[in-house]
Amino acid sequence: MSTETTSKANGQLNGFTDEAIGDDHLFTSLDTPMKANAFDMSNEEKKKRISILFSEIMDVMGLDLTDDSLQGTPDRVAKMYIEEIFSGLDPKNKPKMALFENKYQYNQMLVEKNITFYSNCEHHFVPIIGKAHIAYKSSGKVIGLSKLNRIVQYYAKRPQVQERLTNQIANELKTVLETEDVAVIIDAKHLCVSSRGVQDDTSTTVTTYYGGEFNNASKILELQNYLNN
Ligand SMILES: [Zn+2]
């Protein structure tokens, strides 16, 4: 898939204004947009910088940083960003994938459903909470079931938009499993839609990727049956 689709001209990205991208949750490319020097700084330095900058935000909002309850917040946020909720930005945290021969000769679809994940909207930095369902058909190689879960968690732990998350998981699975026969379905709730903006508490967003043999009406129906039961 091409990632050279981003162009910024006249303050507009791919023809969209920053405002339209943010509130309508449009996304621009498969790769998470990163600076070339993203990993020049050590994690310890990053945490120190974020802590300083976050205390600045709190200070500007008028919060009293000498209060016992607030004092440790900048450090806590910095640690949480780097070590937990955005740890998937660092390629060093990518799960190691061991492939096995498909000795059982199982050649039907495998479905791993209801993989719970927590991510964060890259336009508002508030949570996206959802479930991912993954299916693949072995090309002769299989991976451990927990690895499917780990791939989802790795890409979820980034500032994200749901379409990109779906495609990044699908792309990784295709590469690792050496097959196009991969499906990814994500059903998620965006807190930037429920807790602010239009404040719709009931809507969820569904995104899908159907590759290879899964891009076929009867396969999609079969998959939907597994997910509904
Ligand atoms: Zn958002």
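Let me sum up the structure you'll find in this document. (Residues numbered from 1 in each chain as written. Predicted model: local features only at pLDDT ≥ 70, side-chain atom pairs only at ≥ 80, totals over all residues. Heavy atoms only, no water.)

Side note on the overall build of the protein chain
Part 1 of the argument: Counting secondary structure elements, the protein chain contains eight helices and ten strands.
Part 2 of the argument: Of all 229 residues assigned to the protein chain, the portion counted as buried reaches 37%.
Part 3 of the argument: Pairs at least 24 apart in sequence give 66% of the contacts found in the protein chain among residues at least 6 apart.
Part 4 of the argument: Of the roughly 13400 Å² that the protein chain leaves accessible, carbon and sulfur atoms contribute 51%. (Helix = DSSP H or I, 4+ residues; strand = E, 2+ residues; numbered from the N terminus. Buried < 20%, exposed > 50% of the residue type's maximum accessible area, 1.4 Å probe, protein only. Contact = heavy atoms within 4.5 Å. Areas by Shrake-Rupley, 256 points an atom, 1.4 Å probe, with all protein chains shown as cover.)

Regarding the layout of surface pockets
Over the atoms, a rolled probe matching the size of one water molecule traces out where space is still vacant.
Part 1 of the argument: Taken as a whole, the largest pocket holds about 770 Å³ of empty space.
Part 2 of the argument: Around the largest pocket sit 23 residues that line it, and Ala 38, Lys 46, Ile 50, Ile 82 and Leu 89 are the ones nearest its centre.
Part 3 of the argument: Where the lining of the largest pocket is concerned, the elements lending two or more residues are helix 2 (43–60) and helix 4 (73–85).
Part 4 of the argument: Among the elements that line the lining of the largest pocket, the one with the most residues is helix 2, at five residues. (1 Å grid on protein atoms, 1.4 Å probe; cavity = no way out; pocket = protein on both sides within 12 Å on 5 of 7 lines; lining within 4 Å. Points joined across faces, edges and corners; volume = space filled by probe spheres on them.)

Comments concerning helix 4
Part 1 of the argument: Here helix 4 is 13 residues long, yet its end C-alpha atoms lie only 15 Å apart, well below the 18 Å a rise of 1.5 Å per residue gives.
Part 2 of the argument: Along helix 4, the residues classified as buried are Thr 73, Pro 74, Val 77, Ala 78, Tyr 81 and Ile 82. (Expected span 1.5 Å × (residues − 1).)

What about the sheet that holds strand 9 (residues 182–190)?
Part 1 of the argument: Taken together, five strands build an open sheet; the order of strands is 8-5-6-9-10 and the sheet is mixed. The open sheet has two edge strands with one neighbour each: strand 8 (159–160) and strand 10 (205–210).
Part 2 of the argument: Note that strand 9 and strand 10 share six bridges and pair antiparallel. Paired with Ile 186 across the bridge in strand 10 is Thr 207.
Part 3 of the argument: This element, helix 5 (residues 145–156), spans strand 5 (109–121), strand 6 (127–137) and strand 8 of the sheet and lies at about 25° to strand 5. (Pairing = 2+ DSSP bridges. Axes fitted to C-alpha atoms, helices over the stretch in contact; angles between N-to-C directions.)

What about the environment of Thr 66?
Part 1 of the argument: Mapping Thr 66 onto the fold places it in the loop between helix 2 and helix 3 (68–71).
Part 2 of the argument: Residue class for Thr 66 comes out exposed when judged on its relative accessible area of 59%.
Part 3 of the argument: A polar atom in the side chain of Thr 66 sits 2.6 Å from the side chain of Asp 64. (Polar contact = N/O pair within 3.5 Å; in protein donor to acceptor, adjacent residues only side chain to side chain.)

Considerations on the packing of helix 5 against helix 6 (residues 162–177)
Part 1 of the argument: Between helix 5 and helix 6, whose axes approach to 10 Å, the crossing angle comes to 140°. Compared by their axis directions, helix 5 and helix 6 come out oblique. As for the relative orientation of helix 5 and helix 6, their crossing is right-handed in sense. In this structure, helix 5 uses Leu 148, Ile 151, Val 152, Tyr 155 and Ala 156 to contact helix 6, whose residues at the interface are Leu 165, Gln 168, Ile 169, Glu 172 and Leu 173.
Part 2 of the argument: In terms of residue class, the contact of helix 5 with helix 6 is built from eight nonpolar, one polar and one charged. (Parallel < 35°, antiparallel > 145°, perpendicular 65-115°, else oblique. Left-handed = near helix turned anticlockwise from the far one by under 90°. Nonpolar A, V, L, I, M, F, W, Y, C, P; charged D, E, K, R; others polar.)

So, the nonpolar core
Part 1 of the argument: Judged by nonpolar contacts, the single largest core of 27 residues is most densely connected at Phe 117, Ile 169, Leu 173, Val 184 and Ile 186.
Part 2 of the argument: Elements with a minimum of two residues in this core: strand 5, strand 6, strand 7 (141–143), helix 5, helix 6 and strand 9.
Part 3 of the argument: Listed in part, the eight residues of the second largest apolar core include Ala 135, Ile 185, Tyr 210 and Leu 223. (Core = buried A, V, L, I, M, F, W, Y, C linked by side-chain atoms within 4.5 Å.)

Regarding the pattern of salt bridges
Part 1 of the argument: Applying the stated criterion across every chain, the model contains eleven salt bridges.
Part 2 of the argument: The partner of Asp 90 in a salt bridge is Lys 92, with the nearest N and O atoms 3.8 Å apart.
Part 3 of the argument: Exposure remark for Asp 90: the relative accessible area of 9% places this residue in the buried category.
Part 4 of the argument: Each of the salt bridges in this network shares a partner with another, and the network as a whole consists of Glu 44, Lys 47, Lys 79 and Glu 83. (Salt bridge = Lys/Arg side-chain N within 4 Å of Asp/Glu carboxyl O.)

In short, the description is geometric, and any link to function would need to be established separately.
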